[in-house]
Structures are given as C-alpha cells and as structure tokens.
Protein chains: 2
Amino acid sequence: MSLTVRIDRLRRDLEQVSRFGATAAGGVSRTSFSAADRQVREWLAGAAAQAGLTIRTDGIGNVFLRVDGGEVGGRDGGEVGGGDGAPVWTGSHLDSVPDGGALDGALGSLAALEVARRLVEERVPVRRPVEVVVFADEEGSYHHLCGSTGLVRNYSADELSGLRGRDGDRLVDALAGMGWDPAAATRTAVRPGAVHAFVELHIEQGPILEARNAQIGVVTGIVGLGGGELVFTGRQDHAGTTPMRLRQDPLRGAAELVTRLPELAASVSQAAVATCGIVSVQPGAGNVVPETCRLQLDFRDPDRDRLLALEQAIVAAAEQAAGRHQLRVSYHRDSITDPVALDPRMQDLVESTATRLGLRTLRMPSGAGHDAQNLATLAPTGMIFVPSVAGRSHSPAELTTWDDVENGGNVLLAVVHALATE
Amino acid sequence: MSLTVRIDRLRRDLEQVSRFGATAAGGVSRTSFSAADRQVREWLAGAAAQAGLTIRTDGIGNVFLRVDGGEVGGRDGGEVGGGDGAPVWTGSHLDSVPDGGALDGALGSLAALEVARRLVEERVPVRRPVEVVVFADEEGSYHHLCGSTGLVRNYSADELSGLRGRDGDRLVDALAGMGWDPAAATRTAVRPGAVHAFVELHIEQGPILEARNAQIGVVTGIVGLGGGELVFTGRQDHAGTTPMRLRQDPLRGAAELVTRLPELAASVSQAAVATCGIVSVQPGAGNVVPETCRLQLDFRDPDRDRLLALEQAIVAAAEQAAGRHQLRVSYHRDSITDPVALDPRMQDLVESTATRLGLRTLRMPSGAGHDAQNLATLAPTGMIFVPSVAGRSHSPAELTTWDDVENGGNVLLAVVHALATE
C-alpha cells in the first residue's frame, strides 16, 4: 500500500500554526492556556471540522479528534469494529516553552491530524477507531506533562489548587479563564485497556540522528531524570585584603565540581548526561569573595540504578571538592523520575515500517521527557524521532528538513494504519 | 610624653555612631547622603562644637574639623604657626557599604576626632593646624573614593551629572537633597602644598596582622586594582538530548578558569589576588545547556607591571580554556587603578612611633582601596592598620578588639602630634 501524507498540506499546517505565538526571533512562545494557545485550539477545531473529525476536550485541556473505525471502514465496506474497540491514539502537544521552536510538539500533533485526514479521505478500511490526541501543557507551564498525567490518574482538587505558573498564577484560574469547569479537571483519567496503543512522532531535539546519518529514530525508552541543588558555603571576605591561600571561596569548590561533570557522567554510562544550567553566587559583588554558590543540577540516564549512581557520584565529588577548599556543601534532591522502557513490539513495528519505506533507522533512548512516558503506563507505546538540524531545540534555531518531516509523517501514518487494522 | 587617647570616649563615640544606619544583622548600612549619613553628619557637627573645633563642609561633602595651630599652641604659649602653615590632615570616612560593619571608616574618623580633642583639651603645643577630614562617599555609592578624588582634582559639571547611584539616582540630586549647591561640587580641589601631611588609621580588613601576631600594620602602599569581565559563549542546547561530548557548554570553560585563579595569582606574586564575585549564566534554566557564562573579575597586585601581567595571564588562561571546550571568550577591561606607594618617611614615623609604644609592627601593603591613595598625590601620606578579627570586613562580622582600637588611636595621636610639631 502506498498511503502517504500530503507533505504540502502538513507543511502549510505547520507554518500556519507557527504564527500563533510567533516571536521576533523567529521562534514560538505558545505557553499553555495563553492567548496563543487559545488561538491554536480554535484553529484545530476548524481543521477538525473541515476534515470531518469529531472533537472533544477533556477537563484538563487534552483534545481528542476521532476517526471512527466503523464509520471510516464502513463507508468503503471494510472490516468494521475490531476486537475490544479500543482506539489507537497518536499525537503530541501544541504548547511550547517560552521562546521555543516551531516543531517541538507541533510536528507530532499536526502529523497525527494529517494521518487522520488521510485515513478519512482515502476511506482506508480500519478495524479500530483512531484518535488524534493533543496533550495539554506538556512543557509544564503548570506541571511537567500536565495533560497526559491527568489521563494516567485523576488530579485531586487540592493538588490542582496548588499548581502554579511561572508568575505564580494558578492552574485552576487558567482553566476557568479558558471557560472550563475546574472540577472537571479532577475527572480525566482513562480506564485501563481504554487505549489499544499510542504512537508519537517528535523531533529528536538532539544531534544523534544527524551525527549517525539516520533518518528515523526508533525510541527505546525515555531516560530517567534527576534534579537537585548543591549549595557550597564558604566565608564572605574582602576581595582585596584576603590572601588567596586564606580564602574559603565557595566558587572554587563549585567550579571544580562543574569541571568534573563530564567525567562523572561517563563513569556511569555513555548515555548519561549531567548539566548545570543555573548558578547563583551570593552576595554577588565584584569586590567580595562569595559566601555561597548554588548549582542547579539536571542529570539523566536510561537506567534507574545508573541514574542513582550518577547522583551519588556527583554528591561525592562535591564533598571532595568542598573538603579540598575548606567549604561546606549540602545537596537537596528535587526529584527523581524513573526511566520508562517503550514496548518492544512497538519498537519493532516502527523499525520494520521505516525500513520498508527505505529509511535508515537508529534505536535510541529519548533524553527529553515526553507524554509518551505517561502513555506507556496505559498502553503499548512507541515513539518515532526525526532528526533535528545541529541538534537544536527549545530555541528559535529548532529545525528539521521538510524531507525528514515527510519521512516521519509517512512512518507515523503506516504505523497507525497497522495498529488500527490489528 | 604620655599623651594618649581616652578609649572610653572613643568607644562611646564608635558605639553611638554605629546606631546610625544599624541593621538587624548587627551591622551598618550608612551609604552616602542617605538618611543615616545625614544623621551622622549632624552628630559630628555636635561633637565638633562640643570639642571647640571649627567645622566646614566642602562642595562634595568632605567635612573638615580644625584645630588651629596658633590657637592651641598659643593658649599655652607654645611655638606658634610653623613653616608654611599647611595643616596636618588625619581622618577617614563615615559612610559604609550596604550591610557593612561598624569600623570600616568610622574608626579612622572618630579616632581622628579624639586626637583633635586630646590636642585641644591638653593644650598641646603644635606648630601647625591639625584638621580632621571625613571624606564623602569613600565606598563609592556614586564614585569610588568620591570625596577625596574631589580634593585632588575638580570634577567637571558634565562628569558630576553622569555619576549615578545603585538605583540610578544622580549624585547631583543627592547633593541638592542635602541642601548643597551642586555647582560647588566642581570647586573642591586643594592647591599643591596646601596639606603638610596626611595620616589615616583604618582596620586592616584582612587576616594578615592577626595571622602574623602583629598589633600595628605599617602600610607601604595601596595595591593596584584591575577589573574586567570575561564572557564565555558556547551553544544553547537541550540538557537531556545533547550528549556530553557534543556540547559547547560555556560553564566548563568558566569553571576551568575559576579553578586556575589561585595558580595564576601566585604566578605573578605572593601578594597578588584574583577574585570572581559575580557569575551570570544565561539563559539560566535547569534543563538547558547555557549559551553564555559571564565572570566579573577583580585582580590586584602592589606592582603595576605585575598587575598587568596578572590580567594577561588570566585572559590567556581563559582563551586556553575556551579553546579546549570549543567556546568563544571575550574580555572587557573595566578599569586599571595604579598602585600607590606611601611616603617612606611616613612609614618610618608610624613604625618608630608604634615601636616606642611597645607595639609589634608589620610592614604590609593595603589590598583595599582607601582615600589615602588620593591624598598620597597631594602630600606625604601614611596609613596605620589595626587587626581585624578573622580578617572579616564589609560584613556585620567586622570586629577589632578594644585593645587594638586603643593602640591604633594612640599611634595616630603620637604621629599627628609629631607631624604637627615639625
């Protein structure tokens, strides 16, 4: 079968959607429940109507566009109503980080829409319903993977009340501002077995596919994620009057730890990463030896034991550095998110489909978090990556070639079709 | 002669003055031309009147309390009106850094007041006038060593208009707010030869006297001071998806440079220091490999050539670090302030006076800037240091024992007396 996406239409959709929240730098700021998010939701409703898809939004803002198995297959006389009738889900998210790119989330969402349109317009016989899912607040303006978490388990009213945005604004107020009933946000979980399978197309957001000259990434799992803060404390002194050898400068210990991060990550695995993205030096005066230096750490590994070993290695190295420079150091773990393995059968399906389409594949873990890690607890889940030029993401420099967009769309369409005819 | 300060009175003065701008942490915030500065100026006028000293404030806010040579000596029939009649100056400053200590500046100012009072009340015969000088804005709320700079050279009206405080407020508005004519701030320079000699008592603000078990520091000069900013630039990337070996993380280069600062300082001299007190990492998100890391540097050495060699060594090391981590680095020099040697005869006078009083002395450079470095261009200038407990300063933890305060006051009194009878 040579069912393929219409790349001209998918490209036009991506370009249109990138205008909602467009920034001067050429990127996109479309944070959850913002004016731009509202615009893209209206646009999506219009596109669904035009394509003949029924639309539904749940209490936390997840949007579902449905292709009914019976209806679609039925019109052409195909086999109708497979097995338990559980739908195949495919999709991603349409919110973005502040000053992000045009593809993170939008590619998987709009390619899923294109997949649904192709199934409808080609009257492809399927046994199961197909639903395009656009998850709310994946980027965590209020909560990391907010919408897909609400599919796995219901939020309590208390938890919802406590969720706040960057500016301290409450999620429940944002939901009410969308015209929705915040109480409905406590009733979003789906029952076990309600989903037959889930597949998400996404840009890699890293440089590995490009470096390995692969066209399709077959995602093996989502890496485990740890976060924590190291605080080095020394002694505030006058920068002019305190000899170098009599100082207890917390920046010395912090700098030594930072220089060791690559070696510490490599000590647990080649896939491990450790990043310090936030540094705060106090009191922060040019002529004062600092009192404290805080490092916010992000560390990841596909294996939970190795993730914890990495955390331990970082803390041990920090303590060594503190000892060498007569400092105190404390560590506060913010969170550990366990790694998630994706379904082996789904990996095989993605890989064999891409290979059949003549594309070079690479099995790889995802270093970034995705809604797929929540969905993996509900149903067999797969992810398809396409290359990011120079690995850039969460930036206006985010870019994937149109050839790779088309390849990703075609793999997604074929995988969804295969799942829907099971 | 056993002329000594009255330590009970000096202590009471220090304690009283420490209440103007007292902070909850036990320190002092008495920045220039603030309400607390106004209070201490009123207090000083009252103390001058009580002691029979004439008071005068110049256009930039420097205060002078005068003991007339003829008058003092004259009342007792001593030798009157020495040589050219140029006065001996002694003093320091009464402004503080935000959240500073009670002694930085206040000790030298109030000890000078006590010296003047002792000369007057003991009717000590002197040949020259003695003037207590309290310099305005030494701590540079508007300009580093602001008041003493105005004694060395006149500010232009344009330069004055451009001087602004931490909050962007203008110096000329602050002067007008004190009830002064800002135009008078352009006419403050004193003529060459107008001052016979200057001597300033100050806390060391460092740990050297304590470490060397000395009671009086004989200051040989003020170290040269350099300031500049290093900006390491790499590539912003996703912290989860970018393998460690494919990163261009500017923090790696910056951290490597910071760890090398002690070795770079030691490469030019044992007295050299290099400090990074301000670090800024952008964009500053926990899950983003940073794009830039800025380091604000402060580096000092008693010798100008070595100071410049230190700057060069730091920049070269930064470039090496940048090269190793595939970064770009740029350096912007903010300023170089030349070192100042203090008058050898004044050093000998301070040393011999302290030794005669049975005190252990140590010759040492000052790592901090002082008004004395400006005065040294006007007249033979000396500085007397007393120990700082644990070397703490610019902090509420700033402390000097009352014994050391008394020792410093007595050395100052004897030195001023010797100079005034030359």
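All values derive from a computational prediction rather than experimental measurement.

Parameters and conventions
Residues numbered from 1 in each chain as written. Chains lettered and ligands numbered in written order. Predicted model: local features only at pLDDT ≥ 70, side-chain atom pairs only at ≥ 80, totals over all residues. Heavy atoms only, no water. Pairing = 2+ DSSP bridges. Helix = DSSP H or I, 4+ residues; strand = E, 2+ residues; numbered from the N terminus. Axes fitted to C-alpha atoms, helices over the stretch in contact; angles between N-to-C directions. Least-squares fit on C-alpha atoms with pLDDT ≥ 70 in both. Contact = heavy atoms within 4.5 Å. Buried < 20%, exposed > 50% of the residue type's maximum accessible area, 1.4 Å probe, protein only. Core = buried A, V, L, I, M, F, W, Y, C linked by side-chain atoms within 4.5 Å. Parallel < 35°, antiparallel > 145°, perpendicular 65-115°, else oblique. Left-handed = near helix turned anticlockwise from the far one by under 90°. Nonpolar A, V, L, I, M, F, W, Y, C, P; charged D, E, K, R; others polar. Phe/Tyr/Trp six-rings, centres within 6.5 Å; stacked < 30°, edge-to-face > 60°. Lys NZ or Arg CZ within 6 Å of the ring centre and 35° of its normal. pLDDT = per-residue confidence, 0-100.

Trainee: Looking at this structure, I do not really get the sheet that holds strand 12 (residues 328–337) of chain A. What am I missing?
Mentor: Within a sheet, neighbouring strands are paired by backbone hydrogen bonds and run either parallel or antiparallel to one another. Residues and elements named next belong to chain A. The antiparallel open sheet is built from four strands, whose spatial order is 9-11-7-12. Both edges of this open sheet fall to strand 9 (273–282) and strand 12, since each of them pairs with a single strand only. Taken over all neighbouring pairs, the strand axes of this sheet differ in orientation by 15 degrees on average, direction set aside. One ladder, built from nine bridges, connects strand 7 (residues 224–233) with strand 12; its direction is antiparallel. Looking at the pairing, leucine 230 lines up with tyrosine 331 of strand 12.

Trainee: Just to check I follow, could you spell out the relation of the copies chain B and chain A for this structure?
Mentor: Two copies of one chain are present, and they are related through a rotation about an axis combined with an axial shift. Superposition of chain B onto chain A requires a rotation of 180 degrees combined with a translation of 0.1 Å along the rotation axis, giving an RMSD of 0.1 Å. What the superposition gives is, in effect, a two-fold axis relating one chain to the other. Residues of chain B ranked by C-alpha distance from the rotation axis are headed by B:Ala255, positioned 2.2 Å from it. The fraction of interface residues of chain B whose copies in chain A are also interface residues reaches 100%, indicating that both copies meet through the same surface.

Trainee: Would you take a moment to explain the environment of A:Gly408 for this structure?
Mentor: All names here are of chain A. Relative to the assigned elements, glycine 408 resides in helix 13 (residues 402–420). For glycine 408, a relative accessible area of 0% puts it in the buried group. With 205 residues separating them in the primary sequence, glycine 408 and isoleucine 203 have C-alpha atoms 9.0 Å apart. Contact partners of glycine 408, with chain neighbours within four places excluded, come to Leu201, Ile216 and Val386.

Trainee: I tried to follow the nonpolar core on my own but got confused; where do I start?
Mentor: General note: in soluble globular proteins, nonpolar side chains tend to be found buried as a group. Counting residues in hydrophobic clusters, the biggest one holds 61 residues, and the most contacted among them are A:Leu257, A:Leu295, A:Ile314, B:Leu257, B:Leu295 and B:Ile314. Contacts of A:Leu295, omitting those with residues within four sequence positions, involve A:Gly228, A:Glu229, A:Leu230, A:Phe232, A:Ala254, A:Leu257, A:Val258, A:Cys276, A:Ile278 and A:Val279.

Trainee: What am I meant to see in the environment of B:Gln326 here?
Mentor: Checked against the element boundaries, B:Gln326 lands in the loop between helix 10 (304–324) and strand 12 (328–337). Taking the C-alpha atoms as reference, B:Gln326 lies 59 Å from B:Val88; in sequence the two are 238 residues apart.

Trainee: Explain the packing of helix 1 (residues 7–17) of chain A against helix 4 (residues 106–121) of chain A to me, please; I cannot follow it from the model alone.
Mentor: Packed helix pairs are characterised by how far apart their axes lie and by the angle those axes make with each other. All names here are of chain A. Relative to each other, helix 1 and helix 4 sit at 140 degrees, their axes nearing to 10 Å. Accordingly, the angle class assigned to the pair helix 1 and helix 4 is oblique. As helix 1 runs across helix 4, the sense of the crossing is right-handed. Mapping the contact onto sequence places Arg9, Leu10, Asp13, Leu14 and Val17 in helix 1 and Ala106, Leu107, Leu110, Ala111, Leu113, Glu114, Arg117, Arg118 and Glu121 in helix 4. Partitioned by chemical class, the residues of the contact of helix 1 with helix 4 number eight nonpolar, no polar and six charged.

Trainee: Please explain the packing of aromatic side chains as it appears in this structure.
Mentor: In this description, an aromatic ring pair is defined by two values, namely the gap between the centres and the angle between the planes. Applying the stated rule across the entire model yields eight aromatic pairs over all chains. Pairing A:Phe33 with A:Tyr142 gives two aromatic rings, centres 6.0 Å apart and planes at 40 degrees, and the pair type is tilted. Placement of A:Phe33 in the loop between helix 1 and helix 2 (35–51) and of A:Tyr142 in the loop between strand 4 (130–135) and helix 5 (146–152) is noted, with a sequence separation of 109 residues between them. For A:Tyr142, a relative accessible area of 11% puts it in the buried group. Members of the aromatic cluster, connected to one another through ring pairs, are A:Phe33, A:Tyr142 and A:Trp180. Cation over ring: B:Arg56 sits above B:Phe64, and NZ or CZ is 4.2 Å from the ring centre. Its end group placed over the ring of B:Tyr155, B:Arg153 keeps NZ or CZ at 5.1 Å from the ring centre.

Trainee: I keep staring at the sheet that holds strand 12 of chain B and nothing clicks. Help me out?
Mentor: Residue and element names in this part refer to chain B. Pairing is antiparallel across the open sheet formed by four strands, whose spatial order is 9-11-7-12. Two strands bound the open sheet, and with one partner strand each, they are strand 9 (273–282) and strand 12. When strand polarity is set aside, the average angle formed by the axes of neighbouring strands in this sheet is 15 degrees.

Trainee: Looking at this structure, how should I read the confidence of the model for chain A?
Mentor: Low pLDDT means the predicted atomic positions in that stretch should not be read closely. Residues and elements named next belong to chain A. Counting all residues, the mean pLDDT for chain A is 93, and 96% of those residues have values of 70 or more. Segment residues 71–82 is flagged for pLDDT under 50; beyond a separation of four residues in sequence, or across chains, it makes 25 contacts in the model. Interface scoring of the predicted complex returns ipTM 0.86; its pTM is 0.85.

Trainee: Can you walk me through the packing of helix 4 of chain A against helix 13 of chain A in this structure?
Mentor: Residue and element names in this part refer to chain A. It is the contact of helix 4 with helix 13, at a shortest axis distance of 9 Å, that shows an interaxial angle of 55 degrees. In this view, helix 4 runs oblique relative to helix 13, as classed from their interaxial angle. Between helix 4 and helix 13 lies a crossing of right-handed hand. For the pair formed by helix 4 and helix 13, the contact residues are Leu107, Ala111, Ala112, Val115, Arg118 and Leu119 on the first element and Val405, Gly409, Leu412, Leu413, Val416 and His417 on the second. Partitioning the contact of helix 4 with helix 13 into residue classes produces nine nonpolar, two polar and one charged.

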